[in-house]
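Read off the chains here:
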Amino acid sequence: LTISKVKELAKKHNATITAFLGGIYIYTIYKLYLSNKPVKNKLITMLVPCNLRKKYGGNTMRNFTMFARVSKDFSTETTLDECISVAQQQIIEQLTTENLDKIIHSNVKTEKNPFIKIVPLTLKNAIMRIAYRKVGENLQTCIFSNLGPVKLPDSFSKFVKHLTFSIAPSFSCRQQLTALGYGDNIYLTFTRDYVENSIEKEFFRTLSNLGVSVKIFSNYW
């Protein structure tokens, strides 16, 4: 995907590139699996990681990230424009410094709780694993992570045609989408642990219908 074209379309929708592509992602899932389908639960939640180094600065030894949960109830018919608008609004609201400060404060407060400190580590690990499986990933339908622009040293960038960035599917989120910018293009990578590729087809078909030139390559034969 050409960065300039995606930026142009995102601007028309008053959205960032992340919100624009994320909105298309959840709309694709809705269109394929929920629209005009007799499904009781029509809530789609997309997890969007945020690099906190950009907001708080500094270097960290480990990942320093928080997440925005973009949720949309598709009980009524919805348009692509509405999905992009919802993604833009919720990402901006949830990733403000004030909101992130509250989440970090809550996490640290829980960690320093004296009653939790005296619980044996083996028991805490067991409880956390159960809670994560029951609540953690089950709260979201998919993940979309945008790494942003990537620059390589001039000494070897001319030898690199393209880059890929991928997230391994998990037991509950069986398909993931990632993006990064390199050179003049945006590279999107779908990863999944099942054979069907209808989401990828519909996603890129939507982009093509919007006027984006798409080139697809895959290791799935």
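To keep things clear, this report deals only with the structure shown in the data block.

Another point: the overall build of the protein chain. Summing up its helical and strand segments, the protein chain has nine helices and five strands in all. Reading the protein chain from its N end, one meets helices and strands in the order α-α-β-α-β-α-α-α-α-β-α-β-β-α. In terms of overall dimensions, the protein chain has a C-alpha envelope of 60 × 55 × 40 Å along the principal axes. Split into buried and exposed, the 221 residues of the protein chain put 36% on the buried side. A separation of at least 24 residues holds for 62% of the contacts in the protein chain among residues at least 6 apart in sequence. Summed over all atoms, the accessible surface of the protein chain reaches about 14200 Å², with 56% contributed by carbon and sulfur. Positive and negative side-chain charges in the protein chain, numbering 30 and 16 respectively, have mean positions lying 6 Å apart.

Pairing is mixed across the open sheet formed by five strands, whose spatial order is β2-β1-β3-β4-β5. Of all strands in the sheet, those with a lone pairing partner are β2 (65-73) and β5 (185-192), marking the two edges. Taking each pair of neighbouring strands and ignoring which way they run, the sheet shows an average axis angle of 20°. Bridge analysis of strand β4 (residues 175-182) against β5 gives eight bridges, and the strand direction is antiparallel.

Our next topic: the pairing of strand β3 (residues 142-149). Direction of pairing for strand β1 (residues 43-51) relative to β3: parallel, over a ladder of two bridges. When the sheet's bridge partners are listed, Leu-47 is paired in β3 with Ile-143. The pairing of β3 with β4 spans five bridges and is classified as parallel. Along β4, the bridge assignment pairs Ile-143 with Gln-176.

So, on to helix α9 (residues 198-209). Its 12 residues give α9 an end-to-end C-alpha distance of 16 Å, which sits within 8% of 16 Å, the value for a rise of 1.5 Å per residue. Buried within α9 we find Ser-198, Ile-199, Glu-200, Glu-202, Phe-203, Phe-204, Thr-206 and Leu-207. Gly-211 occupies a position one or two residues after α9 and carries a positive phi of about 100°.

The next thing to look at is the pairing of β5. Most of β5 sits out of view: six of its eight residues are buried. The turn linking β4 back onto β5 is made up of two residues, and Gly-183 within it adopts a positive phi angle of 65°.

Attention shifts here to the side chain of Ser-145. In this fold, Ser-145 is placed in strand β3. Note on Ser-145: relative accessible area 9%, which makes it buried. Each residue touching Ser-145, except ones within four places of it in the same chain, is listed here: Pro-49, Phe-165, Ile-167, Leu-177, Thr-178 and Ala-179.

In this section: the packing of aromatic side chains. Enumeration over the complete set of coordinates arrives at seven aromatic pairs. Pairing Tyr-25 with Phe-203 gives two aromatic rings, centres 6.4 Å apart and planes at 90°, and the pair type is edge-to-face. Highlighted residues: Tyr-25 in helix α2 (residues 17-33) and Phe-203 in helix α9, separated in sequence by 178 residues. For the pair Tyr-25 and Phe-203, one class covers both residues: buried. Consider the rings of Phe-190 and Phe-203, whose centres lie 5.4 Å apart with planes at 75°: the pair is edge-to-face. Residue Phe-190 is found in strand β5, and its partner Phe-203 is found in helix α9; the two are separated by 13 residues along the sequence. Of the two residues, Phe-190 and Phe-203, both sit in the buried class.

Calculation rules
Residues numbered from 1 in each chain as written. Predicted model: local features only at pLDDT ≥ 70, side-chain atom pairs only at ≥ 80, totals over all residues. Heavy atoms only, no water. Helix = DSSP H or I, 4+ residues; strand = E, 2+ residues; numbered from the N terminus. Buried < 20%, exposed > 50% of the residue type's maximum accessible area, 1.4 Å probe, protein only. Contact = heavy atoms within 4.5 Å. Areas by Shrake-Rupley, 256 points an atom, 1.4 Å probe, with all protein chains shown as cover. Lys, Arg positive; Asp, Glu negative; His and termini not counted. Charge placed at Lys NZ, Arg CZ, Asp CG, Glu CD. Pairing = 2+ DSSP bridges. Axes fitted to C-alpha atoms, helices over the stretch in contact; angles between N-to-C directions. Expected span 1.5 Å × (residues − 1). Phe/Tyr/Trp six-rings, centres within 6.5 Å; stacked < 30°, edge-to-face > 60°.

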